[in-house]
Amino acid sequence: GNIANLPNKNLVIGSGATELIGAAIFACKQMHGKNKQMYVYARPPYYSGYTGGLLAVGVANVSFTSSTDLDPSSVIEFVAYPNNPTNEFNAPVYPKAACVIHDQVYFWPSLSDIKKGGAP
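Just so you know, these numbers come straight off a predicted model, no measurement behind them.

K.L.:
Would you explain the packing of helix H1 (residues 17-32) against helix H2 (residues 49-57) in this entry?
P.N.:
Helix packing geometry: the angle between the two helix axes and the distance between the axes. Where H1 contacts H2, the axes come no closer than 8 Å and their chain directions differ by 65 degrees. Classified by the angle their axes make, H1 and H2 are roughly perpendicular. Read as a crossing pair, H1 and H2 show a hand that is right-handed. For the pair H1 and H2, contact is made by Thr18, Ile21, Gly22, Ala23 and Ile25 and by Gly49, Tyr50, Gly52, Gly53, Leu54, Ala56 and Val57, respectively. Partitioned by chemical class, the residues of the contact of H1 with H2 number seven nonpolar, five polar and no charged.

Here you go:
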């Protein structure tokens with residue numbers, strides 16, 4: 001099957017980036033802050049679909065931010081792993097964020113040196 005045992009992690013696979021990003025933001029908001037202001041953060045340069053996914057779901061009290069000094073419990077962070085176009089394996093800026101979402105669309109041997117970074 002397509003299901004792996006990943007303790008303390010959720011693996012979501014899909015065919016549409018904007019839909020998956022929006023669904024991840026919605027799920028994190030539901031789990032961690034239905035009634036509080038939350039922020040989506042991604043280290044630049046980042047995929048423009050992160051902001052598009054946020055707009056697509058229209059979740060109340062969620063906004064995109066470039067701030068790196070927020071209360072981590074109010075942050076949903078996207079980490080492109082490896083980052084495009086830099087091909088760097090970055091750690092989260094908010095490792096204790098409400099949700100840290102690793103975007104591994106470029107985590108393929110033909111696109112990056114996966115031995116260098118390993119899985120997050």
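K.L.:
Can you help me understand the environment of Pro72 in this one?
P.N.:
Topologically, Pro72 is positioned in the loop between strand E2 (62-65) and strand E3 (75-80). Residue Pro72 is classed as partly exposed on the basis of its relative accessible area of 30%. Sequence separation of Pro72 and Cys99 is 27 residues, and the distance between their C-alpha atoms is 9.1 Å. Apart from the residues within four sequence positions on either side, Pro72 is in contact with Tyr94, Lys96, Ala97 and Ala98.

K.L.:
What's the story with the sheet that holds E2 in this structure? I'm lost.
P.N.:
Paired through backbone hydrogen bonds, the strands of a sheet run either parallel or antiparallel to each other. Taking strand neighbours across the sheet as the criterion, the four strands line up as E2-E1-E3-E4 in an open arrangement whose pairing is parallel. Single-partner strands in this sheet number two, and they are E2 and strand E4 (99-103). Neighbour-to-neighbour, the strand axes of the sheet open up by a mean angle of 20 degrees, direction not taken into account. Here five bridges tie E3 to E4, and the two strands are oriented parallel to one another. Paired with Val79 across the bridge in E4 is His102. Packing against the sheet, H2 makes contact with strand E1 (38-42), E2, E3 and E4, and its axis sits at approximately 165 degrees to E2.

K.L.:
Which parts of the structure should I look at to understand the side chain of Ser74?
P.N.:
Among the structural elements, Ser74 can be located in the loop between E2 and E3. For Ser74, a relative accessible area of 8% puts it in the buried group. Among the polar contacts listed, one links the side chain of Ser74 to the backbone oxygen of Asp71, at a separation of 2.8 Å. In this structure Ser74 touches Lys36, Gln37, Met38 and Tyr39, once residues within four positions along its chain are discounted.

K.L.:
Is there a simple way to explain unusual backbone geometry in this structure?
P.N.:
The general pattern is negative phi for most residues beyond glycine and trans for most peptide bonds. For the bond from Pro44 to Pro45, the omega torsion is -5 degrees, close enough to zero to count as cis. Tracing the chain through its elements places Pro45 in the loop between E1 and H2. Unlike most non-glycine residues, Asn61 shows phi in positive territory, near 60 degrees. One can find Asn61 in the loop between H2 and E2. Judged by its relative accessible area of 40%, Asn61 falls in the partly exposed class.

K.L.:
I keep staring at the pairing of E2 and nothing clicks. Help me out?
P.N.:
Consecutive residues of a regular strand have side chains that alternate between opposite faces of the sheet. Bridge count for E1 against E2 is four bridges, and the pairing is parallel. Among the inter-strand pairings, Met38 is bridged to a residue of E2, identified as Val62.

Conventions adopted
- Residues numbered from 1 in each chain as written.
- Predicted model: local features only at pLDDT ≥ 70, side-chain atom pairs only at ≥ 80, totals over all residues.
- Heavy atoms only, no water.
- Axes fitted to C-alpha atoms, helices over the stretch in contact; angles between N-to-C directions.
- Helix = DSSP H or I, 4+ residues; strand = E, 2+ residues; numbered from the N terminus.
- Parallel < 35°, antiparallel > 145°, perpendicular 65-115°, else oblique.
- Left-handed = near helix turned anticlockwise from the far one by under 90°.
- Contact = heavy atoms within 4.5 Å.
- Nonpolar A, V, L, I, M, F, W, Y, C, P; charged D, E, K, R; others polar.
- Buried < 20%, exposed > 50% of the residue type's maximum accessible area, 1.4 Å probe, protein only.
- Pairing = 2+ DSSP bridges.
- Polar contact = N/O pair within 3.5 Å; in protein donor to acceptor, adjacent residues only side chain to side chain.

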